[in-house]
Amino acid sequence: MELRELLNEEQVQAVMHKEGPLLILAGAGSGKTRVITYRLAWLLSEHNVSPENILCVTFTNKAAQEMKSRARKVAGKKVDKVWMSTFHSFGVRVLRLHAELLGYDKNFTIYDQEDRERLLKECMHDAKVSDKEMKVYDCMRYIQDAKNSLITPAEYMNDYGTEYEKGMVARIYEIYEKRLKRNNSMDFDDLIWKPLDLFNNNPAVLEKYREQFQYIMIDEYQDINHAQYMLISMMASKYKNICVVGDDDQSIYRFRGADITNILNFEEDYPDAKVIRLERNYRSTQTILKAAHKVIQNNSDRKEKEMWTDNDKGEKIIFYYVDDEVMEGEAILNEIDKLMRLHGADLKDIAIFYRTNAQSRSIEDRLRRAGLPYKLVGGFSFYGRMEIKDMLSYMRIIANPRDVISFKRIVNVPPRGISDTTVEKVEQFAFQNDITLLEALGRTQETENIKPMVKQSCSQLHALLTGLAINRNNMKLRDLMAEILTGTGYISFWENDQNPKAKERIENVKELVSAVAEFEEEKKDATLEDFLSQVALISEVDKLDENADAVTLMTIHSAKGLEFDNVFIAGMDEKIFPHKNCIEEEGGIEEERRLAYVGITRARKRLYLLSAISRRQFGARTLGAISRFINEIPEEYLHHKGRPPAKQLDEKLSGAVHDMGIDAQPNYEATDAEPAVMQLEPGDKVSHIKMGEGIITKIEPYGDDYRITVMFKKNGRKELSAKYAGLAKI
């Protein structure tokens with residue numbers, strides 16, 4: 001293997017490093033996947049390292065599959081024996097082998113977000129916490145944060161039990177964990193926490209994996225959370241042959257618990273670590289790369305580096321300043337049309353990014369009306385559809401009879417006369433006799449106050465599910481699916497339904513059958529648990545079909561690791577991007593700036609940034625300001641289109657603002673906001689053409705504008721833009 005013909009000098013150094021800790025600071029588009037692939041192949045081929053002694057962890061199944069496919073071309077089939085997976089897939093694999101040591105069966109269920117919400121609602125009810133006191137989503141976030149920080153329910157109660165809000169969470173958390181255990185189920189965070197628990201309480205098991213994984217490689221190290229950090233640290237502590245690859249400038253998952261200090265402090269954790277910087281970019285034009293650097297260099301909490309490229313200078317970045325979100329969509333459509341006509345671009349080479357999912361609606365509307373096909377990443381998942389969740393719940397209760405959440409979902413689907421009241425009686429009987437709900441369903445003859453016909457339905461469902469559970473290991477998965485559909489009459493139920501969506505639901509169920517068959521073909525010894533684990537661990541990016549000729553719509557968070565010839569970033573306004581929730585948070589702006597850097601560096605050839613004078617949000621029209629990230633890009637890299645940015649606001653623009661329902665002086669000639677503000681200060685009395693008289697309470701910078709807070713006599717407190725408010729000092 002002649003590496004120097006395939007890689008640059010820094011990449012070669014990274015590949016050939018064998019012993020000791022290694023930090024690869026891999027900037028955007030620097031070929032890190034190529035480096036990991038060749039390093040894996042080098043260990044296998046040149047150093048004859050056993051594939052079973054290598055652990056390679058990535059953040060998406062898609063990345064793991066791509067890496068394994070590339071490495072197989074270089075090192076052959078031995079790559080298939082390498083443990084290569086996501087963190088959560090690794091956790092599942094370990095737990096399936098050792099679950100009994102933690103008091104679980106190996107056939108445990110993995111709860112997704114919807115399942116967690118259902119269980120949490122029950123736990124909140126038992127803890128006497130109403131949804132008015134606390135939202136389920138907020139409670140779930142608190143518990144996620146606790147688990148990612150390795151805080152047990154007892155510790156949480158000890159630390160926060162006396163507080164009002166967190167005290168409620170502490171009570172719910174305790175009940176939630178007990179319910180999970182009773183249901184033989186785990187949530188996503190458990191897939192990292194439980195292996196740690198396993199290792200801490202079973203030294204022999206920990207030693208087994210320490211000895212096995214003599215070489216560990218971690219991709220996207222900047223995005224790991226505390227629990228993942230502890231898990232890797234424990235396994236790498238014996239041989240210390242740990243290679244981490246990441247870029248602190250692309251750490252964008254703090255809301256999931258990611259801790260950027262893990263990569264910033266790697267050299268403190270491993271003082272003898274070798275550090276290699278990959279600063280050559282193979283993806284973007286010089287203009288895009290330089291603009292990205294000008295933005296990210298405003299962050300202070302980063303390792304200094306500057307990406308460079310031999311690629312062409314490329315076109316200037318187009319910055320659109322438009323009236324509103326409708327014109328933003330029109331501008332995107334016009335540019336897509338030009339890309340196709342003048343540059344021969346395919347739709348699959350075009351992506352539209354935004355900060356939040358809510359922004360996609362107006363863009364989707366424009367694409368639909370223009371007849372342009374698009375694929376929405378992060379939209380409603382196939383596996384999240386009602387009929388698919390129903391089928392998966394049947395499969396889950398067959399695999400794990402203790403799964404209460406799945407049981408309650410399907411016990412009366414299709415309708416078989418088993419009411420919620422009956423389920424409560426069955427549940428009470430199960431609790432009193434220390435048996436599963438499924439077992440209790442088969443003993444309804446012993447339960448009082450249940451009608452004979454209902455008891456018969458319960459017995460029939462019990463017979464079907466227990467029969468399939470007993471025989472499932474002797475059946476192919478596709479045959480098991482067929483038995484579920486036949487035995488439950490699920491397809492017949494929808495065939496007799498007059499709902500317009502009934503036919504679509506049938507087609508979706510048939511597609512699930514195809515997915516099961518495809519899974520079996522790819523994995524010859526596939527088990528029901530294997531299939532359910534794979535479904536539970538699928539991410540939105542894993543489902544992205546890159547070959548479909550359609551425009552890709554996604555949040556910037558979802559775009560991490562992807563690249564496109566032509567990228568549009570919509571909504572480059574203050575309070576949207578950077579998001580209003582992050583502006584006041586400690587470290588929030590730096591995280592948002594890293595997100596902007598990630599978005600910019602997804603573009604290979606052309607980049608379009610869009611900002612609007614106003615947007616309709618939550619039903620109301622609000623005035624915006626250009627994102628500070630736009631202002632951080634030097635003018636030499638930008639080509640302006642659309643409205644002039646407020647310095648020369650003509651009559652037409654003033655009229656447009658008025659038509660949108662935004663307060664503006666009818667004949668106000670806007671100039672720089674600075675001189676107008678310099679004449680005003682807090683405490684001044686002012687008048688407004690519509691609001692009347694008031695007193696200024698605050699003046700503060702706001703993007704390229706100033707925001708003035710006024711307490712009006714008749715209209716109360718209002719926040720106005722200095723550019724458009726037309727305030728007159730009294």
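The written sequence of each chain sets the order in which its residues are numbered from 1. Residues qualify for local features only when their pLDDT is at least 70, as the model is predicted, and side-chain atom pairs are given and counted only at 80 or more; totals for whole chains, interfaces and linings, by contrast, use all residues. As a rule here, side-chain values cover all heavy atoms of the structure and leave hydrogens and water aside.

Points about the overall build of the chain
Our working definition: Secondary structure elements are taken from DSSP: a helix is a run of H or I of four residues or more, a strand is a run of E of two residues or more, and numbering for both begins at the N terminus. Just to be clear, the radius of gyration here is over C-alpha atoms, and the globule rule we use is 2.2 Å times residues to the power 0.38. The buried label goes to any residue with under 20% of its type's maximum accessible area, the exposed label to any with over 50%, and the partly exposed label to all in between, with areas taken from a 1.4 Å probe on protein chains only. Note on contacts: a residue pair qualifies if any of its non-hydrogen atoms lie within 4.5 Å across the two residues. Surface accessibility in these figures is a Shrake-Rupley result with a 1.4 Å probe; residues are shielded only by whichever protein chains are displayed. Under the convention used here, Asp and Glu are negative, Lys and Arg are positive, and both His and the chain ends fall outside the count. Each charge is placed at NZ for Lys, CZ for Arg, CG for Asp and CD for Glu.
Looking only at helices and strands, the chain features 31 helices and 22 strands. Relative to the compact-globule value of 27 Å for 730 residues, the chain shows a C-alpha radius of gyration of 29 Å, a close match. Counting only C-alpha atoms and orienting by the principal axes, one finds that the chain spans roughly 85 × 70 × 55 Å. Put simply, the chain has 730 residues, and 55% of those count as buried. In the chain, the share of contacts with a sequence separation of at least 24, taken over all contacts with a separation of at least 6, comes to 74%. Counting only carbon and sulfur atoms, one obtains 47% of the accessible surface of the chain, whose full area is about 33000 Å². In the chain, which carries 105 positive and 118 negative side-chain charges, the distance between the mean positions of the two groups comes to 2 Å.

Re the side chain of N299
Checked against the element boundaries, N299 lands in the loop between α14 (286–296) and β9 (317–322). Residue classification places N299 among the buried positions, given a relative accessible area of 5%. Contacts of N299, omitting those with residues within four sequence positions, involve E590, R593 and R594.

Here's the deal with the state of the cysteines
Quick note on the threshold: Cysteine sulfur atoms are paired as a disulfide whenever they fall within 2.5 Å.
The full count for this structure, using the stated rule, is 0 disulfides. C56 takes part in no disulfide bond, and the closest cysteine sulfur to it belongs to C243, at a distance of 8.6 Å. Using a relative accessible area of 2% as the deciding quantity, one classes C243 as buried.

Considerations on the domain arrangement of the chain
Formally: A domain assignment, automatic or from a database, supplies the domain bounds used here. Summed over both partners, buried area is the accessible surface (1.4 Å probe) that two parts give up on being assembled. Within this document, salt bridges are pairs made up of a side-chain nitrogen of Lys or Arg and a carboxyl oxygen of Asp or Glu, the two lying within 4 Å of each other. Between N or O atoms, a polar contact is any pair within 3.5 Å; within protein, one atom must be a potential hydrogen donor and the other a potential acceptor, and residues adjacent in sequence are included only when both atoms are from side chains. Each residue is assigned to one of three groups, with Ala, Val, Leu, Ile, Met, Phe, Trp, Tyr, Cys and Pro labelled nonpolar, Asp, Glu, Lys and Arg labelled charged, and all others, Gly among them, labelled polar.
Structurally, the chain comprises domain 1 (3–86 + 193–280), domain 2 (113–187), domain 3 (317–373 + 548–642), domain 4 (382–540) and domain 5 (684–729). Each of domain 1 and domain 3 was reduced to a C-alpha centroid, and the two centroids are 33 Å apart. Taken together, the contact pairs 14 residues of domain 1 with 14 residues of domain 3. Between domain 1 and domain 3 the total buried area reaches about 1200 Å² when both faces are included, carbon and sulfur atoms providing 51% of it. Its largest share of buried area at the contact with domain 3, domain 1 owes to Q250, I252 and R254, together 48% of the area lost on that side. Linking E585 and R254 is a salt bridge whose minimum nitrogen-to-oxygen distance equals 2.8 Å. At the boundary of domain 1 and domain 3, one finds 11 residue pairs in polar contact (both at pLDDT 80 or more). Classifying every residue of the side of domain 1 that touches domain 3 by side-chain character gives 5 nonpolar, 3 polar and 6 charged.

Re the environment of K523
Following the sequence through the fold, K523 ends up in the loop between α24 (502–522) and α25 (528–537). For K523, a relative accessible area of 39% gives the class partly exposed. As a C-alpha pair, K523 and K560 span 37 residues in sequence and 29 Å in three-dimensional space.

Quick notes on the nonpolar core
Note the following rule: Throughout, nonpolar core names a set of buried Ala, Val, Leu, Ile, Met, Phe, Trp, Tyr and Cys residues whose side chains join them through atoms within 4.5 Å.
With 49 residues, the main nonpolar core has M391, M395 and F531 as its most contacted residues. Looking at this core, the element that brings in the most residues is helix α17 (residues 386–399), giving 8 residues. Setting aside anything within four residues of it in sequence, one finds M391 in contact with M481, I484, L485, Y490, V509 and L512. Core analysis: the next-biggest nonpolar cluster, separate from the first, contains 46 residues, F90, I192, I260 and L264 among them.

Notes on the confidence of the model for the chain
Caution is warranted with low-pLDDT regions, since their predicted coordinates should not be read in detail. For clarity, the threshold we go by: Every residue is assigned a pLDDT by the predictor, reflecting its confidence on a scale from 0 to 100.
Taken as a whole, the chain shows an average pLDDT of 88; of its residues, 92% reach a score of 70 or greater. In this model residues 647–678 is a low-confidence stretch, pLDDT under 50, and it forms 50 contacts with partners more than four residues away in sequence or in other chains.

A word on the sheet that holds strand β17 (residues 638–642)
Note the following rule: A strand pair is defined by DSSP finding two or more bridges across the two strands. Note on geometry: axes are C-alpha line fits, over the in-contact stretch for helices, and angles between N-to-C directions span 0 to 180 degrees.
Pairing in this open sheet of 7 strands is parallel, and the strands run β11-β12-β10-β13-β14-β9-β17 from one edge to the other. For this open sheet the edge positions go to β11 (374–376) and β17, each flanked by a neighbour on one side alone. The sheet shows a mean angle of 20° between the axes of neighbouring strands, taken without regard to direction. As judged from the 3 bridges shared by β11 and strand β12 (residues 551–555), these two strands associate in the parallel manner. Of the residues in β12, the one forming a bridge with K375 is T552. Docked against the sheet, α14 engages β9 and β14 (603–612), running at close to 50° with respect to β14.

Some remarks on the pattern of salt bridges
All told, the structure shown has 64 salt bridges when counted by the stated rule. One salt bridge connects D187 with K147, and the closest N-O pair in it is separated by 2.8 Å. Highlighted residues: D187 in strand β5 (residues 185–187) and K147 in helix α6 (residues 136–148), separated in sequence by 40 residues. The pair D187 / K147 is uniform in exposure class, with both members buried. A single network of salt bridges, built from pairs that share partners, joins R116, K147, E177, D187, D189, D190 and K194.

Section: the sheet that holds strand β3 (residues 83–86)
Judged by pairing direction, the sheet is parallel, and its 6 strands sit side by side in the order β3-β2-β6-β7-β1-β8 without closing on themselves. Either end of the sheet is taken by a strand with one partner, and the two such strands are β3 and β8 (274–278). Going from strand to strand, the sheet's axes swing by 15° on average, the running direction of each strand aside. Two elements, strand β1 (residues 22–26) and β8, share 5 bridges in a ladder whose sense is parallel. The residue of β8 that forms the bridge with L25 is R277. Running at roughly 145° to β8, helix α1 (residues 9–16) makes contact with β1 and β8 of the sheet.

A closer look at the pairing of strand β7 (residues 242–246)
The two faces of the sheet receive side chains in turn, since in a regular strand these alternate between them. The buried fraction of β7 amounts to 5 of the 5 residues, a majority that puts the element mostly inside the structure. On β7, burial covers both faces: I242, V244 and G246 on one face and C243 and V245 on the other are all buried. Bridge count between β1 and β7: 4 bridges; the pairing is parallel. Across the sheet, L25 pairs through a bridge with G246, a residue of β7. Pairing of strand β6 (residues 215–218) with β7 involves 3 bridges; the strand directions are parallel. Across the sheet, residue M217 finds its bridge partner in β7, namely C243.

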